[in-house]
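Structural overview
Chain residues, written in single-letter form:
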Amino acid sequence: MTYLRDPDAIYAQSFATIKAEADLAHLPPELHPAVIRMIHACGMVDLAADIAGDPAVAAATRSALSAGAAVLCDCEMVRSGIIRRHLPADTELIVTLNDPAVPDLAKTLGTTRSAAAVELWRPRLAGAVVLIGNAPTALFHLIELIAAGGSRPAAIIAAPVGFVGAAESKALLASGSLSIPFLTVLGRRGGSAIASAAFNAISRDQ
């Protein structure tokens, strides 16, 4: 069978194809590396049209990481997708979804486990980098928490996926009401691979 086998050549051809086919004109240049990686993670060049973000998100994320900030992830798939070698050695990658306290907390709050897990971020949220790739309710609850006067993260990269709440939660983030640098994918599309790919593109300059 004949197919391309050289990993460097595969990467080079993939990114050349994205740059040739994806229209990034509406996006700030500071976001282009992350957007290209997001497209690479899902194989859909038209994803670019749905991406929105603050050009300050890259600098804010890198500054936070350099200062020792934790990375708060909504699920294990997001954390698993992060490339560790790009990060300072002492960077903590935190997932609280499987904390034993979460099921009872979700019942008490009348919400999902994913949203309840965000409650456990409170002690580490100030100045952190937030990555959400799975649960719209996690993003909704994060926004509620911050809007109510909770601690403010340095940056939010959010691409929750789905048919219920995904588009609405990301539209709320993109409204800019929090005044926190962000990167998101509007609409139903998203996922853990896209969220971690965006973070990897930004953090690789550490």
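Keep in mind it's a predicted model, so treat the numbers as computed, not measured. (Residues numbered from 1 in each chain as written. Predicted model: local features only at pLDDT ≥ 70, side-chain atom pairs only at ≥ 80, totals over all residues. Heavy atoms only, no water.)

Thoughts on the overall build of the protein chain
Summing up its helical and strand segments, the protein chain has nine helices and six strands in all. Computed over its C-alpha atoms, the radius of gyration of the protein chain comes to 17 Å, within 12% of the 17 Å expected for a compact globule of 206 residues. Among the 206 residues that make up the protein chain, the fraction classed as buried is 47%. Within the protein chain, contacts between residues separated by at least 24 positions form 64% of all contacts whose residues are at least 6 apart in sequence. For the protein chain, the accessible area works out to roughly 9,700 Å², and carbon and sulfur atoms hold 55% of it. Once the 16 positive and 18 negative side-chain charges of the protein chain are each reduced to a mean point, those two points are 3 Å apart. (Helix = DSSP H or I, 4+ residues; strand = E, 2+ residues; numbered from the N terminus. Rg over C-alpha atoms; globule rule 2.2 N^0.38 Å. Buried < 20%, exposed > 50% of the residue type's maximum accessible area, 1.4 Å probe, protein only. Contact = heavy atoms within 4.5 Å. Areas by Shrake-Rupley, 256 points an atom, 1.4 Å probe, with all protein chains shown as cover. Lys, Arg positive; Asp, Glu negative; His and termini not counted. Charge placed at Lys NZ, Arg CZ, Asp CG, Glu CD.)

Overview of the sheet that holds strand E2 (residues 71-73)
Spatially, E1-E6-E5-E4-E2-E3 is the arrangement adopted by the six strands of the open sheet, whose pairing is mixed. Across the chains shown, the open sheet's two edge strands, defined by having one partner strand only, are strand E1 (51-53) and strand E3 (93-95). Strand after strand, the sheet turns through a mean of 15 degrees between neighbouring axes, direction not considered. Summarising the sheet, strand E4 (residues 129-132) and strand E5 (residues 155-158) pair through four bridges and their orientation is parallel. The residue of E5 that forms the bridge with Val-130 is Ile-156. Across the face of the sheet, helix H3 (residues 57-66) comes into contact with E2, E4, E5 and strand E6 (182-185) while running at roughly 115 degrees to E5. (Pairing = 2+ DSSP bridges. Axes fitted to C-alpha atoms, helices over the stretch in contact; angles between N-to-C directions.)

A few points about the side chain of Lys-170
Its location among the elements puts Lys-170 in helix H8 (residues 166-174). Salt bridges are absent for the buried Lys-170, whose nearest opposite-charge side chain, Asp-50, sits at 8.0 Å. Apart from the residues within four sequence positions on either side, Lys-170 is in contact with Leu-139, Ala-158, Ala-159, Pro-160, Thr-184, Val-185, Leu-186, Gly-187, Arg-188 and Arg-189. (Salt bridge = Lys/Arg side-chain N within 4 Å of Asp/Glu carboxyl O.)

What about the packing of helix H7 (residues 136-147) against H8?
The N-to-C vectors of H7 and H8 enclose an angle of 30 degrees; their axes lie 8 Å apart at closest approach. One finds that H7 runs roughly parallel with respect to H8. Between H7 and H8 lies a crossing of left-handed hand. Contacts between H7 and H8 involve Pro-136, Leu-139, Phe-140 and Ile-143 on the former and, on the latter, Ala-166, Glu-168, Ser-169, Lys-170, Leu-172 and Leu-173. For the contact of H7 with H8, the per-class residue count stands at seven nonpolar, one polar and two charged. (Parallel < 35°, antiparallel > 145°, perpendicular 65-115°, else oblique. Left-handed = near helix turned anticlockwise from the far one by under 90°. Nonpolar A, V, L, I, M, F, W, Y, C, P; charged D, E, K, R; others polar.)

Focus on the pairing of E6
Neither face of E6 is exposed, since Phe-182 and Thr-184 on one face and Leu-183 and Val-185 on the opposite face are all buried. In this structure, E1 lies alongside E6, joined through three bridges in antiparallel fashion. Within E6, the residue paired with Ile-51 across the bridge is Val-185. Once the chain exits E5 it traverses H8 before rejoining the sheet at E6, and the crossover so formed is right-handed. (Right-handed = clockwise from strand over helix to strand, strands pointing away.)

Concerning the packing of aromatic side chains
By the definition in use, this model includes one aromatic pair. The ring of Tyr-3 has Arg-5 lying over it, and the distance from NZ or CZ to the ring centre is 4.3 Å. (Phe/Tyr/Trp six-rings, centres within 6.5 Å; stacked < 30°, edge-to-face > 60°. Lys NZ or Arg CZ within 6 Å of the ring centre and 35° of its normal.)

Thoughts on unusual backbone geometry
Positioned with a positive phi, Ser-179 is a non-glycine residue whose angle comes to about 55 degrees. Ser-179 sits in the exposed class, given a relative accessible area of 61%.

Quick look at the nonpolar core
Val-71, Leu-131, Leu-183 and Phe-199 are the most contacted members of the largest nonpolar core, which has 46 residues in total. Among the elements that line this core, the one with the most residues is helix H9 (residues 192-203), at six residues. Formed by 23 residues, the second largest nonpolar core is a distinct cluster that contains Trp-121, Ala-128, Val-130 and Ile-180. (Core = buried A, V, L, I, M, F, W, Y, C linked by side-chain atoms within 4.5 Å.)

Scope: geometric values only; no functional claims are made or implied.
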